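# Examination of the molecular architecture
One letter stands for each residue in the lines below.
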Amino acid sequence: MEACPPMSESCAPLVRICMFCRRIFLGEAEDREVWVPASPECRIPEDRLTHGLCPECLVTRLGPELEAVRARGGGRGRFPAAAEEMP
């Protein structure tokens, strides 16, 4: 499924784009975030883009790094092992 978020010239919202896979965040559905590949026709002005991190890249890209930090004793802070541990 490819999509482009709705944009209006006068009041365009910021659009989150995953910094790794470049998918865009469309919103939430049934308590889940919806991230989809941007269609080639999608023209989002650069000043409307903001970096994000989709759930898949959080696990695949940052998961191993967070595990390495935990194995070394947590670094300067404590990383939660699961989302349920976050305040």
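For the structure itself, look to the data block above.
Below or above, wherever it landed, is the structure these notes cover. It should be emphasised that the depicted structure is a prediction, and the values quoted were computed from it without experimental measurement. (Residues numbered from 1 in each chain as written. Predicted model: local features only at pLDDT ≥ 70, side-chain atom pairs only at ≥ 80, totals over all residues. Heavy atoms only, no water.)

Glancing now at helix α1 (residues 55–71). The end-to-end C-alpha separation of α1 is 22 Å, in line with the 24 Å expected for 17 residues at 1.5 Å each. At L62, α1 is bent by approximately 50 degrees, the largest bend along its length, and proline P64 sits one to four residues beyond. In the stretch just after α1, G73 is the one whose phi turns positive, near 105 degrees. (Helix = DSSP H or I, 4+ residues; strand = E, 2+ residues; numbered from the N terminus. Expected span 1.5 Å × (residues − 1). Bend = angle between axes of the 7 residues up to and from the residue.)

On the surface, E28, E30, D31 and E33 cluster together into a patch of negative charge. The residue D31 is located in the loop between β2 (24–29) and β3 (32–36) in this model. (Patch = residues over 30% accessible without salt bridge, like charges linked within 9 Å, V, L, I, M, F, W, Y side chains within 5 Å. Areas by Shrake-Rupley, 256 points an atom, 1.4 Å probe, with all protein chains shown as cover. Salt bridge = Lys/Arg side-chain N within 4 Å of Asp/Glu carboxyl O. Lys, Arg positive; Asp, Glu negative; His and termini not counted. Charge placed at Lys NZ, Arg CZ, Asp CG, Glu CD.)

The biggest cluster of nonpolar side chains holds 6 residues, and these are V15, I17, I24, V36, C42 and I44. Residues F25, W35, C54 and C57 belong to the second largest nonpolar core, which totals 5 residues. (Core = buried A, V, L, I, M, F, W, Y, C linked by side-chain atoms within 4.5 Å. Buried < 20%, exposed > 50% of the residue type's maximum accessible area, 1.4 Å probe, protein only.)

Let us now look at the side chain of R23. Summarising the element assignment, R23 is placed in the loop between β1 (15–18) and β2. Among the residues examined, R23 registers a relative accessible area of 18% and is labelled buried. Excluding residues that lie within four positions of it along the chain, R23 makes contacts with R16, I17, C18, W35, V36, P37, C54 and E56. (Contact = heavy atoms within 4.5 Å.)

With that settled, consider unusual backbone geometry. One non-glycine residue, R22, lies in the positive phi region at around 70 degrees. Counting through the fold element by element, R22 comes out in the loop between β1 and β2. The class for R22 is partly exposed, based on a relative accessible area of 46%. At E30, a residue that is not glycine, the phi angle is positive and equals roughly 50 degrees. Residue E30 is classed as exposed on the basis of its relative accessible area, which comes to 79%.

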